[in-house]
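Report on the structure
Here is what each chain is made of, one letter per residue.
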Amino acid sequence: MNELVEIEGVIVQPLKQIADKRGPILHMLKNDSNLFKQFGEVYFSEIHSGLVKAWKRHKKQSQNLVVPLGKIRLVIYDDRSNSNTHGKIAQCKLGRPKNYRLIHIPPMLWYGLQEIGGQTSMVANCTDLPHDPEEIESLSTYTSQIPYQWKS
């Protein structure tokens, strides 16, 4: 799979997992991280086995995504006309234990998520702005506007 560093502005950051026989401690984001601008909100989104949540982009809000439970495929499409990576699609797997990392998605990039672990997965998102339905754009999962075919 292509790594997301191929999309301008997207940052991939490995995260610390601290082993504990009672259950691990999973880091996500600290206020001294170069990815932290300001606090908007934190929310959790579940994706059921094999299903897709796509396509969405934010006009102003940055996303900081982590998958603490399960496994997903994250796909990002860059249609920003002023970007060096205009027209590119990148994807990666997220989830524990091997792919536990934070993905920073700046505004104006289309993204979608697909559950690939065979169970319900959970995505944590720490945004830099609170939810505002006026700044979100959506397309249907199988739109022809994005040159990507979801795998079953």
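Model, not experiment: these values are computed from the prediction.

Evaluated as defined, the whole model comprises zero disulfides. A disulfide-free cysteine, cysteine 92 has its sulfur positioned 18 Å from the sulfur of cysteine 126, the nearest such atom. Exposure remark for cysteine 92: the relative accessible area of 0% places this residue in the buried category.

This next bit is on the pairing of strand S6 (residues 63-69). Counting buried residues along S6, six of its seven residues qualify, which places the element largely inside the surrounding structure. The sheet contact formed by S6 and strand S9 (residues 101-105) spans three bridges and is antiparallel. Bridge pairing in S9 links leucine 65 to isoleucine 103. Bridge count for S6 against strand S11 (residues 121-127) is three bridges, and the pairing is antiparallel.

Turning to the nonpolar core, a few remarks are in order. With 17 residues, the main nonpolar core has Leu74, Ile76 and Ile105 as its most contacted residues. Contributing elements (two or more residues each) for this core: S6, strand S7 (71-77), strand S8 (89-95), S9 and strand S10 (110-115). Look past the residues within four positions of isoleucine 105 in its chain and what remains in contact with it is Gln61, Ser62, Gln63, Leu65, Leu74, Ile76 and Tyr111.

In this section: the packing of aromatic side chains. This structure, assessed with the given rule, holds three aromatic pairs. Ring centres of tryptophan 55 and tyrosine 148 lie 6.2 Å apart, and the angle between their planes is 90 degrees; on these two criteria the pair is classed as edge-to-face. Here tyrosine 148 lies in the segment after strand S12 (136-138) and tryptophan 55 lies in strand S5 (residues 52-58), a separation of 93 residues in the sequence. Tryptophan 55 gets classed as buried once you look at its relative accessible area, which sits at 1%. Of the residues examined, tyrosine 148 reaches a relative accessible area of 10% and is grouped as buried.

Rules behind the numbers
- Residues numbered from 1 in each chain as written.
- Predicted model: local features only at pLDDT ≥ 70, side-chain atom pairs only at ≥ 80, totals over all residues.
- Heavy atoms only, no water.
- Disulfide = S-S within 2.5 Å.
- Buried < 20%, exposed > 50% of the residue type's maximum accessible area, 1.4 Å probe, protein only.
- Helix = DSSP H or I, 4+ residues; strand = E, 2+ residues; numbered from the N terminus.
- Pairing = 2+ DSSP bridges.
- Core = buried A, V, L, I, M, F, W, Y, C linked by side-chain atoms within 4.5 Å.
- Contact = heavy atoms within 4.5 Å.
- Phe/Tyr/Trp six-rings, centres within 6.5 Å; stacked < 30°, edge-to-face > 60°.

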